[in-house]
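Structural overview for review
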Amino acid sequence: MGRGPSIEGRKNAEDAKRAKVFTKLIREITVATRAGVADPNLNPRLRAAVDKALTANMSKDTIERAIKRGSGADGGAKMEELRYEGYGPAGIALIIECFTDNPTRTVADVRHALTKHGGNLGTSGSVAFQFTRCGELVFSTGGDAAAEEKVLEAALEAGADDVVNEHGESTVICAPENFEAVQQALTEAKLHAQHAGVGMRANNRTAVTGEALETLNDLLEKLDGLDDVSEVYHNALLPAEAG
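A brief structural summary.

Definitions and cut-offs
- Residues numbered from 1 in each chain as written.
- Predicted model: local features only at pLDDT ≥ 70, side-chain atom pairs only at ≥ 80, totals over all residues.
- Heavy atoms only, no water.
- Helix = DSSP H or I, 4+ residues; strand = E, 2+ residues; numbered from the N terminus.
- Buried < 20%, exposed > 50% of the residue type's maximum accessible area, 1.4 Å probe, protein only.
- Contact = heavy atoms within 4.5 Å.
- Axes fitted to C-alpha atoms, helices over the stretch in contact; angles between N-to-C directions.
- Parallel < 35°, antiparallel > 145°, perpendicular 65-115°, else oblique.
- Left-handed = near helix turned anticlockwise from the far one by under 90°.
- Nonpolar A, V, L, I, M, F, W, Y, C, P; charged D, E, K, R; others polar.
- Pairing = 2+ DSSP bridges.
- Core = buried A, V, L, I, M, F, W, Y, C linked by side-chain atoms within 4.5 Å.
- Patch = residues over 30% accessible without salt bridge, like charges linked within 9 Å, V, L, I, M, F, W, Y side chains within 5 Å.
- Areas by Shrake-Rupley, 256 points an atom, 1.4 Å probe, with all protein chains shown as cover.
- Salt bridge = Lys/Arg side-chain N within 4 Å of Asp/Glu carboxyl O.
- Lys, Arg positive; Asp, Glu negative; His and termini not counted.
- Charge placed at Lys NZ, Arg CZ, Asp CG, Glu CD.
- Arc of directions from axis to C-beta.

**Some points on the overall build of the chain**
Tallying secondary structure elements over the chain gives eight helices and ten strands in all. Across the 243 residues of the chain, 36% fall into the buried class. When contacts within the chain are restricted to residue pairs at least 6 apart in sequence, those whose partners lie at least 24 apart make up 69%.

**Brief notes about unusual backbone geometry**
Leaving glycine aside, a negative phi is the common case for residues, and trans is the common case for peptide bonds. In the Ramachandran plot, asparagine 57 falls in the positive-phi region, its phi being about 65° despite a non-glycine side chain. Mapping asparagine 57 onto the fold places it in the loop between helix H2 (44-55) and helix H3 (60-70). Although it is not a glycine, lysine 190 sits at a positive phi angle of roughly 65°. Locating lysine 190 in the fold gives a position in the loop between helix H6 (179-188) and strand E7 (195-202).

**Some thoughts on the packing of H2 against H3**
At a closest axis distance of 10 Å, the pairing of H2 and H3 adopts a crossing angle of 150°. One way to sum up the angle between H2 and H3 is to call them roughly antiparallel. Helix-helix and strand crossings are classified by hand; for H2 and H3 the assignment is right-handed. Contacts between H2 and H3 involve Leu46, Val50, Ala53 and Leu54 from the former and Lys60, Ile63 and Ile67 from the latter. Considered class by class, the residues forming the contact of H2 with H3 number six nonpolar, no polar and one charged.

**Considerations on the sheet that holds strand E1 (residues 80-87)**
Strand order across the open sheet formed by four strands is E3-E1-E2-E9, with antiparallel pairing between neighbours. Single-partner strands in this sheet number two, and they are strand E3 (120-121) and strand E9 (229-234). Judged from the two bridges that link them, E1 and E3 form a sheet pairing that is antiparallel. Pairing of glycine 86 across the sheet is with leucine 121, part of E3. Relative to the sheet, helix H4 (residues 103-116) contacts E1, strand E2 (93-100), E3 and E9, its axis offset from that of E2 by approximately 150°.

**Focus: the nonpolar core**
In globular proteins that are soluble, nonpolar side chains generally tend to be buried together. Counting 18 residues, the largest nonpolar core has Ile96, Val110 and Leu216 as its most contacted members. Contributions of two or more residues to this core are made by E2, H4 and helix H7 (210-224). Looking at this core element by element, the count peaks at five residues for H7. If we skip the residues at most four places from it in the chain, valine 110 touches Tyr84, Ile96, Cys98, Leu121, Leu226 and Val229.

**Describing the pairing of strand E6 (residues 169-174)**
Counted residue by residue, E6 has five buried out of six residues, so it is predominantly covered. Across six bridges, the pairing between strand E4 (residues 131-140) and E6 is antiparallel. In the strand pairing of E6, leucine 137 is matched with valine 172. Sheet topology note: the strand E5 (residues 162-166)/E6 ladder contains five bridges and is antiparallel. Bridge pairing in E6 links valine 163 to valine 172. Taking the residues between adjacent antiparallel strands as the criterion, E5 and E6 are bridged by two residues, where histidine 167 takes a positive phi near 55°.

**Let's talk about a negative patch on the surface**
A surface patch of negative charge is lined by Glu211, Glu214, Asp218, Glu221 and Asp224. Examined against the element boundaries, glutamate 214 turns out to sit in helix H7. The class of glutamate 214 is exposed, set by a relative accessible area of 55%.

**Side note on H3**
In an α-helix, one turn spans 3.6 residues, which is why side chains three or four residues apart end up on the same side. Residues of H3 that are buried include every one of Thr62, Ile63, Ala66, Ile67 and Gly70, and no others. One face of H3 carries all of its buried residues, which in axial projection span an arc of 140°. Facing away from the buried side of H3 by more than 90 degrees, the exposed set consists of Asp61, Glu64 and Arg65. Immediately downstream of H3, the backbone of glycine 72 shows phi near 85°, a positive value.

**Concerning the side chain of lysine 24**
With respect to the helices and strands, the residue lysine 24 is situated in helix H1 (residues 7-35). Although buried, lysine 24 forms no salt bridge, and the nearest oppositely charged side chain, aspartate 224, lies 4.6 Å from it. Once residues within four sequence positions are removed from consideration, lysine 24 is found in contact with Phe99, Leu223, Asp224, Leu226, Asp227 and Val229.

So this is what it looks like as structure tokens:
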């Protein structure tokens, strides 16, 4: 009878996953610092990146080193922010955002992942029109009508554009420039988001099932595993989301 993974094996796997998340967060902080100023109070993008890192239990020392690197104080390699557009299996549209100090390596890794999973890299603008940049805050409401109503009232009063209730979650959608104000208002209303940030939201979703779904999941896992990739957006409607 086979034995499951040992406690040590599971811990090593968890540590490796945590290290990969930290690598992505450090790059995000570095780029946010370089794009603005090194003070989170004066740089909304940096403050959002720092908040995300603290939520992931990153130490303040590590965060400060990343900010220092981004400011150029330690003479570290210059990080760039890049966006790739392309298609996955079943013609699913993909936007892949990256932070990298080696664009040649990054584009090769992204292209290889897409090609291996029946996709291809597109030109700039080839799929971007299928997405809208917006702020999103996701709250766990468990399908409770009262909880959903509380989120809706607070969100609309704060200037949000819409609230979508599905699968036990309430997603608040707002314009990117209103994200900070909406987030602050909801926090003051004692509503704590599971996830919050500014990103790309698909205008329409395409259902994916069967072999194409398996291939897409493998592709998304592969892209997420690349250190240079920070976010992957797609327009697939997954079975769990379709209900």
